[in-house]
Amino acid sequence: QVQLVESGGGLVQPGGSLRLSCAASGSIFSINVMGWYRQAPGNQRELVATITSGGSTNYADSVKGRFTISRDNAKNTVYLQMNSLKPEDTAVYYCNAFMTPWYRTTSNYWGQGTQVTVSS
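Residues numbered from 1 in each chain as written. Predicted model: local features only at pLDDT ≥ 70, side-chain atom pairs only at ≥ 80, totals over all residues. Heavy atoms only, no water.

**Re the nonpolar core**
Move 1: Counting 32 residues, the largest nonpolar core has W36, L80, M82, Y93 and M99 as its most contacted members.
Move 2: Those elements giving two or more residues to this core turn out to be strand 3 (18-25), strand 4 (28-39), strand 5 (46-51), strand 7 (67-72), strand 8 (77-82), strand 9 (91-101) and strand 11 (114-118).
Move 3: The leading source of residues in this core is strand 9, at five residues.
Move 4: When near neighbours in sequence (up to four residues on either side) are disregarded, L80 contacts L18, R19, L20, W36, V48, A49, F67, T68, I69 and Y93. (Core = buried A, V, L, I, M, F, W, Y, C linked by side-chain atoms within 4.5 Å. Buried < 20%, exposed > 50% of the residue type's maximum accessible area, 1.4 Å probe, protein only. Helix = DSSP H or I, 4+ residues; strand = E, 2+ residues; numbered from the N terminus. Contact = heavy atoms within 4.5 Å.)

**Some details on the pattern of salt bridges**
Move 1: Counted under the stated rule, the structure contains four salt bridges.
Move 2: For E46, the salt bridge identified is with R38, shortest N-O distance 2.7 Å.
Move 3: Across the pair K64 and D61 runs a salt bridge whose closest N-O atoms are separated by 3.1 Å. (Salt bridge = Lys/Arg side-chain N within 4 Å of Asp/Glu carboxyl O.)

**Notes on the sheet that holds strand 1 (residues 3-7)**
Paired through backbone hydrogen bonds, the strands of a sheet run either parallel or antiparallel to each other.
Move 1: Judged by pairing direction, the sheet is antiparallel, and its four strands sit side by side in the order 1-3-8-7 without closing on themselves. A single partner strand is all that each edge strand has here, and the edge strands are strand 1 and strand 7. Here the average twist between neighbouring strands, direction ignored, is 15°.
Move 2: Bridge count for strand 3 against strand 8 is six bridges, and the pairing is antiparallel. Its bridge partner lying in strand 8, C22 is registered against V78. (Pairing = 2+ DSSP bridges. Axes fitted to C-alpha atoms, helices over the stretch in contact; angles between N-to-C directions.)

**Comments concerning the packing of aromatic side chains**
Move 1: For the structure on display, the rule yields three aromatic pairs.
Move 2: With a centroid separation of 4.7 Å and an interplanar angle of 75°, the aromatic rings of F29 and W102 are classed as edge-to-face. One end of the pair, F29, is in strand 4; the other, W102, is in the loop between strand 9 and strand 10 (107-110), and 73 residues separate them in sequence.
Move 3: Residue classification places W102 among the partly exposed positions, given a relative accessible area of 42%.
Move 4: Relative to W110, the ring of Y37 has its centre 5.1 Å away and its plane inclined at 65°; by these criteria the two rings are edge-to-face. Taken together, the residues Y37 in strand 4 and W110 in strand 10 connect sequence positions 73 residues apart. (Phe/Tyr/Trp six-rings, centres within 6.5 Å; stacked < 30°, edge-to-face > 60°.)

Below is the structure:
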């Protein structure tokens, strides 16, 4: 069974930092794009950042210059370093990846989500 497991969420004061991690596990042949999305109460899920297997990145305008996405292909893990956090960054953050399990087709996978709360 292929799955994504996130960690690193929590409560932080405005201006603070958090680092999210997401590890893919299971019988994985390859992983293409990995990314982070977030969903605040009453809002739709939105893109935060993505990274390809080659390291090309893409960010939402609202997080450019504050968040950094990275990945360790050897560990099948993607990270999101979040600095200068604002109250409007409060949301459930979801890991996402296009993965190809052994002997199966490529599919889009989601983690269970981790809560990030920015508040004083």
